[in-house]
Amino acid sequence: MAKSKLEKELENLTKEQLIEQITDLYNSFKVVQEYYSIFLNPASGTKIQVEYKKIIIKEFNHEKGSSKLRFSVAKQAIADFNKLISSPELVADLMLTLAERACKCGNAYCSSENYELINSQYIRSTYINFDLALKYIKKENLLQDFKQRIEKLLVDNENSGYCMFHDMPKLFDNYFGIGGNDN
């Protein structure tokens, strides 16, 4: 159904019918509950973000053997959250969480018997997601908010056996200049 047709149909409903429709949607769909939670109380965005961060952490939990290491699930969580809330800071936080967790898992599995879990596709995906986070942070002019965290990620991974981690500081410099002072 086209948006214009929906609007026309909704205009024919009474206030009580509209309330009933919205209440039914609220009761049926978690995403609608989250949307109205944020709409009615913008401060709840941080609370809801915690739930989306848990999805990423669960996928990339280097401390448990149950990590699934699915970038698609983590990226979908970020995309879903971004549709719900327009907070560049919270979205950037989720994006960096994915990069941090993927790096930690890469390093943890590299030094364990689960080495085979980390392949070239995993390394590329980690690098690409770090690149996406930096690009977003640059676009939203958030470097000062995240600079220390990015630098910590780079330092924590500089001695990794993966060449991808050695390229990450170059990527940072490409976006923000030497030392990240470009912002």
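What this report covers is the structure whose coordinates are included nearby. (Residues numbered from 1 in each chain as written. Predicted model: local features only at pLDDT ≥ 70, side-chain atom pairs only at ≥ 80, totals over all residues. Heavy atoms only, no water.)

### Thoughts on the overall build of the protein chain
Thinking step 1. What the protein chain contains, in helices and strands, is 9 helices and 0 strands.
Thinking step 2. Taking all 183 residues of the protein chain together, 37% fall into the buried category.
Thinking step 3. Carbon and sulfur atoms provide 53% of the accessible area of the protein chain, an area that totals close to 11200 Å². (Helix = DSSP H or I, 4+ residues; strand = E, 2+ residues; numbered from the N terminus. Buried < 20%, exposed > 50% of the residue type's maximum accessible area, 1.4 Å probe, protein only. Areas by Shrake-Rupley, 256 points an atom, 1.4 Å probe, with all protein chains shown as cover.)

### Remarks on the packing of helix H4 (residues 44-59) against helix H5 (residues 71-84)
Thinking step 1. Interaxial distance between H4 and H5 falls to 8 Å at its minimum, and their mutual angle equals 170°. Our classification of the angle between H4 and H5 gives roughly antiparallel. Seen from H4, the contacting residues are Gly-45, Ile-48, Gln-49, Tyr-52, Ile-55, Ile-56 and Glu-59; seen from H5, they are Val-73, Ala-74, Ala-77, Ile-78, Asp-80, Phe-81 and Leu-84.
Thinking step 2. Looking at the contact of H4 with H5 residue by residue, the classes come out as 10 nonpolar, 2 polar and 2 charged. (Axes fitted to C-alpha atoms, helices over the stretch in contact; angles between N-to-C directions. Parallel < 35°, antiparallel > 145°, perpendicular 65-115°, else oblique. Contact = heavy atoms within 4.5 Å. Nonpolar A, V, L, I, M, F, W, Y, C, P; charged D, E, K, R; others polar.)

### Remarks on helix H3 (residues 30-40)
Thinking step 1. Of the residues making up H3, those classed as buried are Val-32, Glu-34 and Ile-38. Projected down its long axis, H3 carries its buried residues within an arc of 160°, all on one side.
Thinking step 2. At its buried positions, H3 is contacted by helix H2 (15-28), H4 and H5. (Arc of directions from axis to C-beta.)

### Observations regarding the side chain of Asp-93
Thinking step 1. Turning to its location among the elements, Asp-93 is positioned in helix H6 (residues 88-110).
Thinking step 2. Other than its neighbours up to four places away in sequence, Asp-93 contacts Gln-49, Lys-53, Phe-146 and Arg-149.

### Here we look at the side chain of Thr-97
Thinking step 1. Structurally, Thr-97 is set in helix H6.
Thinking step 2. Leave out the neighbours within four places in its chain, and Thr-97 touches Lys-53, Ile-56, Ile-57 and Arg-149.

### Structural notes on the packing of aromatic side chains
Thinking step 1. Tallying each qualifying case throughout the model produces 9 aromatic pairs.
Thinking step 2. For the ring pair Tyr-175 and Phe-176, a centre distance of 6.3 Å and an interplane angle of 45° mean the geometry is tilted.
Thinking step 3. According to the relative accessible area criterion, Phe-176 is buried, its value standing at 0%.
Thinking step 4. Each member of the aromatic cluster is reached from another via a ring pair, and the members are Tyr-35, Tyr-36 and Phe-39. (Phe/Tyr/Trp six-rings, centres within 6.5 Å; stacked < 30°, edge-to-face > 60°.)

### Structural notes on unusual backbone geometry
Thinking step 1. The phi angle at Leu-69 is positive, at roughly 55°, despite the residue not being glycine.
Thinking step 2. Considering the arrangement of structural elements, one finds Leu-69 in the loop between H4 and H5.
Thinking step 3. A positive phi angle, close to 60°, is found at Asn-141, a residue other than glycine.
Thinking step 4. Tracing the backbone shows Asn-141 in the loop between helix H7 (120-139) and helix H8 (143-157).

### Some thoughts on the nonpolar core
Thinking step 1. Among the nonpolar cores identified, the biggest contains 41 residues, and Phe-60, Phe-81, Phe-130, Leu-134, Ile-137 and Ile-150 are the most heavily contacted of them.
Thinking step 2. For this core, the secondary structure elements donating two or more residues are H4, H5, H6, H7, H8 and helix H9 (163-176).
Thinking step 3. The element best represented in this core is H6, accounting for 11 residues. (Core = buried A, V, L, I, M, F, W, Y, C linked by side-chain atoms within 4.5 Å.)

### Description of the pattern of salt bridges
Thinking step 1. Within the structure shown, the criterion is met by 10 salt bridges.
Thinking step 2. Close ionic contact of Glu-151 with Lys-147 constitutes a salt bridge, the shortest N to O distance being 4.0 Å. Of this pair, Glu-151 and Lys-147 both sit in helix H8, 4 residues apart, which is roughly one turn of that helix.
Thinking step 3. When the shortest N-O distance is used, the salt bridge between Lys-170 and Asp-167 registers 3.4 Å. With Lys-170 and Asp-167 both in helix H9 and 3 residues apart, this pair spans about one turn of that helix. (Salt bridge = Lys/Arg side-chain N within 4 Å of Asp/Glu carboxyl O.)

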